[in-house]
Amino acid sequence: MADGLLLLGCGAFGRVHLRALATLGRGGEVVVHDPDPAMRAAAAAEFPGLRFAASVEEGLARCAAAIVATPVPTHAALAEAVLRAGRDLFLEKPAVETAAEAERLAALARERGRVAQVGLYFRFHPKARALRRFVLRGLFGPLHCLAARFSGLKRARGDSGALLNDAVHFADLLPWLAGLRVTGVFAQLADPLGRGREDLALIQLRFAGGAIGFIEAGCVLPGRWPDAVVPGAETRKEVILAGRDALAEIDFAAETFVLRRGRHRPAGNGAWLPEHGPREAVGVPAADPVRVVAAELSRFLACVALRRTPEADLHAGAVLPARLLDAARRSAQEGRMVSLEEAG
Ligand SMILES: NC(=O)c1ccc[n+]([C@@H]2O[C@H](COP(=O)([O-])OP(=O)(O)OC[C@H]3O[C@@H](n4cnc5c(N)ncnc54)[C@H](O)[C@@H]3O)[C@@H](O)[C@H]2O)c1
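What counts, and where the lines are drawn
The residue numbers shown here count from 1 along each chain, following its written sequence. With the structure being a predicted model, the display of local features is reserved for residues of pLDDT at least 70 and the display and counting of side-chain atom pairs for 80 or more, all residues being used for whole-chain, interface and lining totals. Only heavy atoms go into the side-chain values, all of them from the structure, while hydrogens and water stay out. Here the limits of each domain have been adopted from an automatic or database domain assignment. Here a residue-residue contact requires only that any non-hydrogen atoms of the pair lie within 4.5 Å. By convention, the term buried area covers the 1.4 Å-probe accessible surface removed from two parts as they join, with the contributions of both added. The rule for a salt bridge is simple: a side-chain nitrogen of Lys or Arg has to be within 4 Å of a carboxyl oxygen of Asp or Glu. Distance and chemistry together define a polar contact, namely a pair of N or O atoms within 3.5 Å, with one atom able to donate a hydrogen and the other to accept it when in protein, and with adjacent residues in sequence counting only for side-chain atoms on both sides. The way it works is that DSSP assigns letters per residue, a run of H or I at least four long becomes a helix, a run of E at least two long becomes a strand, and they are numbered from the N terminus. Strands qualify as paired when DSSP identifies two bridges or more between them. Here a cavity means grid points, on a 1 Å grid over the protein atoms only, where a 1.4 Å probe fits yet cannot get out; a pocket means an open set of points with protein on both sides within 12 Å along at least five of seven lines; lining residues are those with an atom within 4 Å of a point. Grid points are joined across faces, edges and corners, and a volume is the space filled by probe spheres set on the points. Amino acid classes used here: Ala, Val, Leu, Ile, Met, Phe, Trp, Tyr, Cys and Pro are nonpolar; Asp, Glu, Lys and Arg are charged; the rest, including Gly, are polar. Only heavy atoms are used to decide nearness, and a residue is near a molecule or strand if one of them lies within 4 Å of it. Each molecule is checked against the cavity or pocket grid, and it sits inside if more than half of its atoms lie within 2 Å of the grid points. By convention a nonpolar core is built from buried Ala, Val, Leu, Ile, Met, Phe, Trp, Tyr and Cys residues, the set being connected through side-chain atoms within 4.5 Å. When a residue's accessible area, from a 1.4 Å probe over protein chains only, is under 20% of the maximum for its type it is buried; when over 50% it is exposed; and in between it is partly exposed. UniProt positions are given in the numbering used here, feature names are shortened, and annotations may be inferred rather than shown by experiment.

## Re the domain arrangement of the protein chain
So, step 1. If you check the domain split of the protein chain, you get domain 1 (4-121 + 292-313) and domain 2 (123-286 + 323-334).
So, step 2. The centre of domain 1, based on its C-alpha atoms, is set 28 Å off from the matching centre of domain 2.
So, step 3. Every contact between the two is made by 20 residues of domain 1 and, on the other side, 18 residues of domain 2.
So, step 4. A buried area of about 1,600 Å², summed over both sides, lies between domain 1 and domain 2, and 59% of it is on carbon and sulfur atoms.
So, step 5. The largest contributions to the domain 1 side of the interface with domain 2 come from Lys93, Leu120 and Tyr121, which together make up 32% of the buried area.
So, step 6. Remark: the boundary between domain 1 and domain 2 carries three salt bridges.
So, step 7. In this structure, Arg323 and Glu103 form a salt bridge, with 3.0 Å as the shortest nitrogen-oxygen distance.
So, step 8. Applying the counting rule to domain 1 against domain 2 returns nine residue pairs in polar contact (both at pLDDT 80 or more).
So, step 9. Every element with two or more residues in the side of domain 1 that touches domain 2 is listed here: helix H5 (99-112) and helix H8 (289-306).
So, step 10. No other element matches the four residues that H8 contributes to the side of domain 1 that touches domain 2.

## A short note on the sheet that holds strand S2 (residues 30-33)
So, step 1. Reading across from one edge, S3-S2-S1-S4-S5-S6 is the order of the six strands in this open sheet, with parallel pairing throughout. The open sheet has two edge strands with one neighbour each: strand S3 (51-52) and strand S6 (116-119).
So, step 2. Here four bridges tie strand S5 (residues 88-92) to S6, and the two strands are oriented parallel to one another. Within the sheet, the bridge partner assigned to Leu91 lies in S6 and is Val118.

## Some details on empty space enclosed by the protein
So, step 1. Going through the model one piece at a time under the given rule, you end up with three cavities of 30 Å³ or more.
So, step 2. Taken as a whole, the largest cavity encloses approximately 80 Å³ of empty space.
So, step 3. As for the largest cavity, its lining consists of 16 residues, of which Ala95, Val96, Val168, Ala318 and Ala322 are closest to the centre.
So, step 4. Elements supplying a minimum of two residues to the lining of the largest cavity: helix H7 (162-178) and helix H9 (314-334).
So, step 5. Tallied by class, residues from the lining of the largest cavity come to eleven nonpolar, one polar and four charged.

## Re the site of the ligand
So, step 1. With respect to spatial proximity, 22 residues lie near the ligand, and among them Phe13, Asp34, His75, Lys93 and Arg157 are the closest.
So, step 2. At a separation of 3.0 Å, an oxygen atom of the ligand approaches a polar backbone atom of Ala12.
So, step 3. Take Glu92: an N or O atom from its side chain is 3.2 Å from a nitrogen atom of the ligand.
So, step 4. One can see that the ligand is located within the largest pocket.
So, step 5. Broken down by secondary-structure element, the contributors of at least two residues to the shell around the ligand are helix H1 (12-23) and helix H4 (75-84).
So, step 6. In terms of residue count, the dominant contributor to the shell around the ligand is H1 (three residues).
So, step 7. Residues of the shell around the ligand, tallied by class, amount to ten nonpolar, seven polar and five charged.
So, step 8. Counting only domains with at least three residues in the shell around the ligand, you end up with domain 1 (4-121 + 292-313) and domain 2 (123-286 + 323-334).

## So, the nonpolar core
So, step 1. In this structure, Phe140, Phe170, Leu174 and Ile203 are the most contacted members of the largest nonpolar core, which totals 80 residues.
So, step 2. Sorting elements by how many residues they give to this core places H7 first, with twelve residues.
So, step 3. Split by domain, this core shows at least three residues from each of two domains, domain 1 (4-121 + 292-313) and domain 2 (123-286 + 323-334).
So, step 4. If sequence neighbours within four positions are ignored, Phe140 has contacts with Leu131, Phe134, Val135, Leu241, Gly243, Arg244, Asp245, Ala246, Leu247, Ala248 and Leu259.

## Re the UniProt feature "domain: Gfo/Idh/MocA-like oxidoreductase N-terminal" (unreviewed entry) in the protein chain
So, step 1. Those residues carrying the UniProt feature "domain: Gfo/Idh/MocA-like oxidoreductase N-terminal" (unreviewed entry) are residues 6-119 in this numbering.
So, step 2. A distance of 15 Å separates the end C-alpha atoms of residues 6-119, which is 46% helix and 21% strand.

Structure representation (structure tokens):
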């Protein structure tokens, strides 16, 4: 009976998935397919007894669901093969390269009645979840600004540039945190290595209701902390959220979360003064990548068992961030603000 769990790709992040499945007690169900013998050997050395499939088709025949953790240009075809075989799908970020591809995949998942979830790591990070709870409780009042950095000094990936590899995380996370739709995008993209990819991206955002924001992404800027996911890389992974009644700053790499409650009030002479309380360190336990991925997979497996639609399904987790990134490309080409309505 096809009840295994297929892992497509056991490279760096595929092995994080294997560790996460082991912590969930689901390691025994896994079947791996990866065409690279060195990657298979590395996975087998860490997980003696790990089962392998010689092809995607063989793996799909033995499994009820598949995790795709392969290079970005392979995602669309592999995800389609998984859905067409009638299997449920966990697709690592960035789901696919364009909104048009994401829409096709979302339609296919709907048509086939499959559960599909995108691997959007930061939605499962304990600090991001704590910040979202504060927003939902109304702690910030109306939001003014949402800003994020996913940048540093690290390898330029062979399969993608800063938009798909880095900016995608916060193209998803900022609207999710704020509960606000992005309505406009102005972006500047640069190719500082001259390799034909945008390894530096500065993206300004306008949200429904008037809040503004930006995302900085790239691999050619100073980092501040060692990267928990990419060995040897120096990184900044930060989110700032500013509202009328409070400010918040999360540094995911340093594992700090600081809150300032308070607001500006008129001082009588036309000036407005900040009346903010002290910096409060919000106590949220540190997260390590294996635990965060285990939380993502645990939610996916629960949705599979209950036939529920995951929150980060192919519409929320693939189509919406891809529309924002498509608009960023178009904005950079045309040198103007692009509205998400015209981009979509
Ligand atoms: N959520 C996160 O924070 C996070 C972090 C790192 C990587 N990722 C994502 O995970 C995916 C993989 O990244 P990585 O860093 O592990 O890359 P990697 O290059 O280390 O590994 C990719 C693996 O996929 C294998 N592969 C290639 N084509 C295949 C196919 N057709 N079928 C099966 N396997 C195939 C390769 O042989 C390789 O072993 C990417 O989509 C990346 O964006 C997500």
